[in-house]
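Coordinate inspection notes
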Amino acid sequence: MKRILVSILALAAVSVTIISCGSSKSSSNTHKPSGLKFRVFISNPLFPSGTGVNAPVLNIVDASRDVLSTSFLVSLVGQSLQPGLMALSTDLKFTLVYSPTGNTVSVVDNTTESIATAAGASASLPAITLPGFTESIAINPSGTTAYAAVPTAPVLGQVPGAVEVLNLQNGSIAASIPVPGAHFVVSSPDGNHVLVFSDNSDTVTVITTILVGTSTDPRSAIKGFDRPVWGIFTGSTTAYVLNCGAQCGGTVAGVSVIDIGASTVQSAIKVSAATYGLLNGSTLYVAGTPPPSPPGTNTCTGTATAATSCGRLSVVDTGSMKVTDSAIITDGYHDRMQISQDGQLFIGSHSCTNINIPGGEVRGCFSIFNTNSSSVVIPPSNGDVTGIQPIPGRTVVYVIQNGGLRIYDTTTDKLQVIPGDTLNNNGQVDIVGELFDIKLVD
């Protein structure tokens, strides 16, 4: 226990004087170099710099007109070798950009469209180097701290895995909290708790953030799950936990309701598969890919596809905690989901079955579920989906798939087409590079 608390106690008291935490979700356009009022950032490690060398950047797109800013971008040269996964602060003031090459996290000031600086200083914050790969970062609502799950983080005398506490004020790791196999993190709305989901575990670790940096161990455990992988908070101390079940080497997929204060599972229901979800009002959408049972079974039976492996979407009424609808979707490990203002549920995965038959079926890791009619559209595109961003006030959704940007019209569930559009490729935005993630920052 003493060895564990040494790293936990490394977190010093934080001050909010360096990173401002105003409540406004819109910022002045005065200091934005691009001059745009409604922007999306797109991570791109291979953007042509004009000197014959590809540069790591965040491309900026005007989300009101679907126009790429050709004069301004966020340069990550010297900070990030391969900008990929991004995390956005609650107040939209900062974006964290993770690079799997070097395992670094950069802090971007969304207003200045550049690397953030400490208050009263001219130097940029240094990139924060993690002790291993991450694919899950959660920012505390205060905007001063973030949590990164690193499943391979070395821990002296223990099984690898830790949650790294990032100080966004000075660009450093403030503490390392050992959690074996920590893979995914989810912060509560008030920032008082962080749920940690570990590989090959039937336990959820809860970090009480106010205890980090004290002599009290901030970790507690809630048991009684079946390979939990994700959580969705419904309040400060209650959440839905998704049990991956058989897809992750367990037994039965499902959704559990937990009470963090009581450290107990309140109730649970079975679903077909569960790796990711989205709560919209009283409806919970849960996606996953059930393994064939028995092995070799075609899990796409009933649909017109050459694929033999398909995913499942379960629609759960949270009032009764019953599955009220379901649909067959593309397979893979589902970890992206967003809903448009007109009820189109965009679902993305990676490591899926790609079909590309000349003159015939084309499909990849992307599905669109119409929540009004329960119909499913499988867009004819191959590859992993790594980013989805609905555009508020418009019937379009931006999707990053197979390294490229695609803009979908939610009224047709097809690629947006604007005949005669001289600014873009008839409604699409062409960006050179290998795009990964996308965030609306205004």
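A few words on the overall build of the protein. Each helix and strand counted, the protein has one helix and 36 strands in total. A compact globule built from 442 residues would reach a C-alpha radius of gyration of about 22 Å, and the protein, at 22 Å, matches this within 12%. A principal-axis box enclosing the C-alpha atoms of the protein has dimensions of 60 × 55 × 35 Å. With 442 residues in all, the protein has 54% of them scored as buried.

Let us now look at the state of the cysteines. Counted by the stated rule, this structure contains three disulfides. Here Cys244 engages in a disulfide with Cys248; their sulfurs sit 2.0 Å apart. One disulfide, between Cys244 and Cys248, carries an S-S torsion of 75 degrees and so falls in the right-handed class. On the basis of relative accessible area, Cys244 is assigned to the buried category, the value being 1%. Judged by relative accessible area, Cys248 falls into the partly exposed class, the value being 22%. A sulfur-sulfur separation of 1.9 Å characterises the disulfide bridge that pairs Cys352 with Cys365. Because the torsion about its S-S bond is -90 degrees, the bridge between Cys352 and Cys365 counts as left-handed. Residue Cys352 is found in the loop between strand S27 (344-350) and strand S28 (355-356), and its partner Cys365 is found in the loop between strand S29 (362-363) and strand S30 (366-370); the two are separated by 13 residues along the sequence.

Within the fold, Thr90 resides in the loop between strand S5 (86-88) and strand S6 (94-99). With relative accessibility at 42%, the residue Thr90 sits in the partly exposed group. Spatially, the C-alpha atom of Thr90 lies 7.8 Å from that of Ile139, the residues being 49 residues apart in sequence.

Sheets are built from strands that pair by backbone hydrogen bonding, the pairs being arranged parallel or antiparallel. Pairing within the open sheet is antiparallel, and its four strands lie in the order S18-S19-S20-S21. Looking at strand neighbours, the two that pair on one side only are strand S18 (228-233) and strand S21 (264-270), the edges of this open sheet. The mean inter-strand angle of the sheet, taken between neighbouring strand axes irrespective of direction, is 25 degrees. Relative to strand S19 (residues 238-243), S18 is paired through five bridges, and the arrangement is antiparallel. The residue bridging Phe233 from the neighbouring strand is Ala239, located in S19.

Now for the pattern of salt bridges. With the rule as written, the count across this model stands at nine salt bridges. Between Asp66 and Arg394 there is a salt bridge; the shortest N-O distance is 2.7 Å. On the criterion of sequence distance, the pair formed by Asp66 in the loop between strand S2 (54-62) and strand S3 (67-68) and Arg394 in the loop between strand S32 (385-390) and strand S33 (396-401) is long-range, its members being 328 residues apart. Here the two residues Asp66 and Arg394 agree in accessibility, since each one is buried.

Before going further, it helps to spend a moment on the pairing of S27. Counting buried positions along S27 yields six of seven residues, so the element is predominantly enclosed. Linking two consecutive strands that pair antiparallel, namely strand S26 (residues 333-339) and S27, is a turn of four residues; a positive phi of about 85 degrees is found at Gly343 within it. Taken together, the five bridges between S27 and S30 define a ladder with antiparallel strand orientation. Looking across to S30, one finds that Ile347 is bridged to Ser367.

A few words now on the environment of Arg336. Tracing the chain through its elements places Arg336 in strand S26. Taking C-alpha positions, Arg336 is 6.3 Å from Ser349, a pair spaced 13 residues apart along the chain. There is a polar contact of 2.9 Å between the side chain of Arg336 and the backbone oxygen of Thr386.

As a general rule, the predicted coordinates of low-pLDDT regions are not to be interpreted in detail. When pLDDT is averaged along the protein, the result is 91; 92% of the residues meet or exceed 70. Note that residues 1-28 has pLDDT below 50 and, in this model, 61 contacts with residues that lie over four places away or in other chains.

Definitions and limits used
- Residues numbered from 1 in each chain as written.
- Predicted model: local features only at pLDDT ≥ 70, side-chain atom pairs only at ≥ 80, totals over all residues.
- Heavy atoms only, no water.
- Helix = DSSP H or I, 4+ residues; strand = E, 2+ residues; numbered from the N terminus.
- Rg over C-alpha atoms; globule rule 2.2 N^0.38 Å.
- Buried < 20%, exposed > 50% of the residue type's maximum accessible area, 1.4 Å probe, protein only.
- Disulfide = S-S within 2.5 Å.
- Pairing = 2+ DSSP bridges.
- Axes fitted to C-alpha atoms, helices over the stretch in contact; angles between N-to-C directions.
- Salt bridge = Lys/Arg side-chain N within 4 Å of Asp/Glu carboxyl O.
- Polar contact = N/O pair within 3.5 Å; in protein donor to acceptor, adjacent residues only side chain to side chain.
- pLDDT = per-residue confidence, 0-100.
- Contact = heavy atoms within 4.5 Å.

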